[in-house]
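# Close look at the chain arrangement
Here is how the chains run, residue by residue.
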Amino acid sequence: MPSVVVHPVTRVRGRIPIPGDKSISHRYALLAALAGGRSTLTGYAPGADCASTLRCLQALGVRVEGPGAPERGTDRRIVTIDGRGIGGLKSPPAPLDAGNSGTTLRLLSGALAGHPFTSVITGDGSLRRRPMRRIIEPLTRMGARVTGEQDRPPLAIAGAQLEGIHFTPAVPSAQVKSAVLVAGLHANGDTTVRETAATRDHTERALPVFGVELRRAAGSITLRGGQRLQAAELAVPGDLSSAAFWATAAAALPGSDITLDDVGLNPSRTGILTWLERAGAGIDLLRVTEDAGERRGSIRVRHGGNAGLAVGPADVPGLIDELPVLAALATHGGELHVTGAGELRHKESDRIAALADGLRGLGGYVAEMEDGFHVVGRRRMQGGEADAAGDHRLAMAFAIAALGARQPSRIRNAEVVDVSYPGFFDVLESICIRA
Ligand code: S3P
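First, a word on scope: everything that follows refers to the structure included in this document. (Residues numbered from 1 in each chain as written. Predicted model: local features only at pLDDT ≥ 70, side-chain atom pairs only at ≥ 80, totals over all residues. Heavy atoms only, no water.)

### Quick look at the sheet that holds strand S2 (residues 11-17)
Heads up, the rule is: Strand pairing is assigned whenever DSSP detects at least two bridges linking the two strands. For the purposes of this entry, the term helix denotes a DSSP run of H or I that reaches at least four residues, the term strand denotes a run of E that reaches at least two, and both are numbered from the N terminus. We call two residues contacting when some pair of their heavy atoms lies within 4.5 Å. Axis definition: a line fitted to C-alpha atoms, limited for helices to the stretch in contact. Angles are taken between N-to-C directions and run from 0 to 180 degrees.
Taken together, the five strands give an open sheet; going across it, the order is S18-S19-S17-S2-S26, and neighbouring strands pair in mixed fashion. Looking along the sheet, the strands with just one partner apiece sit at the ends: strand S18 (282-291) and strand S26 (432-433). Here strand S17 (residues 257-264) pairs with strand S19 (residues 294-302) via six bridges, running antiparallel. Paired with Asp257 across the bridge in S19 is Arg302. Relative to S17, helix H7 (residues 240-252) is tilted by about 165°, and along the sheet it contacts S2, S17 and S19.

### Some thoughts on the nonpolar core
Our working definition: Among buried residues, the Ala, Val, Leu, Ile, Met, Phe, Trp, Tyr and Cys ones that are joined through side-chain atoms within 4.5 Å form a nonpolar core. Burial classes follow relative accessibility: with a 1.4 Å probe on protein chains only, a residue under 20% of its type's maximum area counts as buried, one over 50% as exposed, and anything between as partly exposed.
Within the largest apolar cluster, 81 residues are counted, with the highest numbers of intra-cluster contacts made by Trp246, Leu260, Leu326, Phe373 and Phe424. Dropping the residues within four chain positions of it, Leu326 is found in contact with Ile272, Trp275, Leu276, Leu309, Val311, Leu319 and Leu336. Core analysis: the second largest hydrophobic core is formed by 64 residues, Ala33, Val64, Val176 and Ala187 among them.

### Concerning the pairing of strand S3 (residues 36-42)
In this structure, S3 lies alongside strand S5 (residues 78-84), joined through seven bridges in antiparallel fashion. Along S5, the bridge assignment pairs Thr42 with Ile78. Bridging between S3 and strand S16 (residues 233-235) involves three bridges; their strand directions are parallel. By the bridge assignment, Leu41 is partnered in S16 with Leu234.

### Regarding the site of the ligand
Convention followed: One heavy atom suffices: a residue is near a molecule or strand as soon as one of its heavy atoms comes within 4 Å of it. Pairs of N or O atoms are called polar contacts if they sit within 3.5 Å, as long as, within protein, a hydrogen donor faces a hydrogen acceptor (for residues adjacent in sequence, only side-chain-to-side-chain pairs). Using a 1.4 Å probe, the Shrake-Rupley method yields the accessible areas, and only the shown protein chains count as cover for residues. Here the term cavity refers to a set of points on a 1 Å grid, laid over the protein atoms alone, in which a 1.4 Å probe fits but cannot get out; the term pocket refers to an open set having protein on both sides within 12 Å along at least five of seven lines, with lining residues being those that place an atom within 4 Å of a point. Each molecule is checked against the cavity or pocket grid, and it sits inside if more than half of its atoms lie within 2 Å of the grid points. Residues are grouped as follows: nonpolar covers Ala, Val, Leu, Ile, Met, Phe, Trp, Tyr, Cys and Pro; charged covers Asp, Glu, Lys and Arg; every other residue, Gly included, is treated as polar. The split of the chain into domains comes from an automatic or database domain assignment.
By nearness alone, every residue bordering the ligand is listed as Ser23, Arg27, Thr103, Ser173, Ala174, Gln175, Arg200, Ile320, Asp321 and Lys347. Ser23 is positioned such that a nitrogen or oxygen atom in its side chain is 2.7 Å from an oxygen atom of the ligand. With respect to the ligand, the backbone of Ala174 contributes an N or O atom lying 2.8 Å from an oxygen atom. Protein contact buries 94% of the 380 Å² of open area that the ligand shows by itself. Judged by the proximity of its atoms to the pocket grid, the ligand belongs to the largest pocket. If you list the elements that add at least two residues to the shell around the ligand, you get helix H1 (22-34) and helix H5 (174-185). Here the residues of the shell around the ligand are counted per class, giving two nonpolar, four polar and four charged. If you count residues domain by domain, the shell around the ligand takes at least three from each of domain 1 (3-19 + 238-433) and domain 2 (22-235).

### Side note on the sheet that holds strand S21 (residues 335-338)
Pairing within the open sheet is mixed, and its four strands lie in the order S20-S21-S23-S22. In the strand order of this sheet, the two ends are held by strand S20 (309-311) and strand S22 (365-369), each with one partner. Strand-to-strand, the axes of this sheet are offset by a mean angle of 15°, without reference to chain direction. Two elements, S21 and strand S23 (residues 372-376), share four bridges in a ladder whose sense is antiparallel.

### Regarding the pairing of strand S9 (residues 155-158)
Residues Leu155 and Ile157 point to one face of S9 and are all buried, whereas Ala156 and Ala158, pointing to the other face, are not buried. One ladder, built from four bridges, connects strand S7 (residues 118-122) with S9; its direction is antiparallel. By the bridge assignment, Ser119 is partnered in S9 with Ile157. Direction of pairing for strand S8 (residues 145-147) relative to S9: antiparallel, over a ladder of three bridges. Each bridged residue has a counterpart across the sheet, and for Val146 the counterpart in S9 is Ile157.

### Some words on helix H11 (residues 392-402)
Each α-helix turn comprises 3.6 residues. Residues three or four places apart therefore point the same way. Counting buried residues along H11, 11 of its 11 residues qualify, which places the element largely inside the surrounding structure. Those residues of H11 that sit buried are His392, Arg393, Leu394, Ala395, Met396, Ala397, Phe398, Ala399, Ile400, Ala401 and Ala402.

### Looking at the packing of aromatic side chains
Any pair of aromatic rings gets described here by the distance separating the centres and the angle formed by the planes. Applicable threshold: Aromatic rings from Phe, Tyr and Trp, taking only the six-membered ring of Trp, are treated as a pair when their centres fall within 6.5 Å; an angle between ring planes under 30 degrees marks them as stacked, one over 60 as edge-to-face, and anything in between as tilted. Counting as a charge over the ring demands two things of the Lys NZ or Arg CZ atom: a distance within 6 Å of the ring centre and an angle within 35 degrees of the ring normal.
Tallied over the full model, the rule gives six aromatic pairs. Ring geometry for Trp246 versus Phe424: centroids 4.7 Å apart, planes at 15°, classification stacked. Of this pair, Trp246 sits in helix H7 while Phe424 sits in helix H12 (residues 424-431), and the two are 178 residues apart along the sequence. Phe424 carries the same exposure label as Trp246, and that label is buried. Seen in terms of ring centroids, Phe424 and Phe425 are 5.0 Å apart; in terms of plane orientation they differ by 90°. Their pairing is edge-to-face. Both residues of the pair, Phe424 and Phe425, count as buried. Among the aromatic residues, ring-to-ring pairing joins Phe245, Trp246, Tyr421, Phe424 and Phe425 into one connected group. Just above the ring of Trp275 sits the side chain of Arg278; from NZ or CZ to the centre is 4.4 Å.

By themselves, these observations are geometric and do not establish any function.
Written as structure tokens, this is what we have:
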């Protein structure tokens, strides 16, 4: 699937089961590996990123079974993990390969820092360009030796007996927060992470489920090192960041009506729903429940207008992965101004430059700033070609933008959707109405 042609549609309709949440799957797998006993994870995310986490854990001596075929009558895959307990990972025989996954590399580094061996962790070309100073600094302060040329992967991590620290990440980042908390599990004394802006809190919600006591105060999390983790049986909700593509398509196209089933509704992730509502979409949450500290439910989305939006620095952490698809919404007759989002330049691609390039290739009008972008969608796009630039979220955002163009569009290197959403283009085909 080197490139995919996306045809214009009039509207989208249907009911879609959403694959398991990527952020939650990484965390459950890693914490299960650090726990005593066998954990069962149902609905483990199907993409390449979460497979990378399992492969790294296996290389560290963890027994992993699955994910096999989906559970009967569902699309939920099961993974079982036999944990090795805190400090129980084995020295890997070769460099660990995190593939395209920043979450794998950063969270696992937190655990490796607390083990008495030296390991190397690396990834694909995109991951090897991403900044790691943000984890090198706190893990070094805790007592590990972490080095990488220009602070980029491959990272060599010489683990040690760690000491707890108080740490405030310079850039709001759930990955950095989680890396330090995971390292803190292996440290003497207390580790505190203070956040200047709230980021996704799946790690803080998952730790107690594995039996870890922690204290959450306004803007900070503290845990004591040396606690034992116990295995757990967990069901991963659907990934709202994946559901966001369908929600946005429905918000963009008049006459659309889409229901997204069993999706994670953690308040630190639902920013996209608020912004779609501000644009004019009708959004209803159905059958909302809470399980293992995570809210989940189904989401019905209907078109209702496409008002202009202005996203500022304080909004960015709650919307960081959805900014590309919100840009796609703007191409359907709306407008979007984003500032304070310089972090986008350090994702799977330089998401500001590659987003602007791709949308322009489809006939969109995009201005690029150092820390953001501006999309004006008043004129219908002509259609054309966009390159995914090795970035799964851009491939999917371009597809949603292309639905509203006059002519068919080609998304080059579209196979990268497999990083988080294998089968994305089949689902797209199943909801499109062209009459
Ligand atoms: C993630 C956190 C975010 C997000 C990434 C997944 C996580 O990154 O962009 O896709 O699972 O913790 P940062 O924490 O670096 O902002």
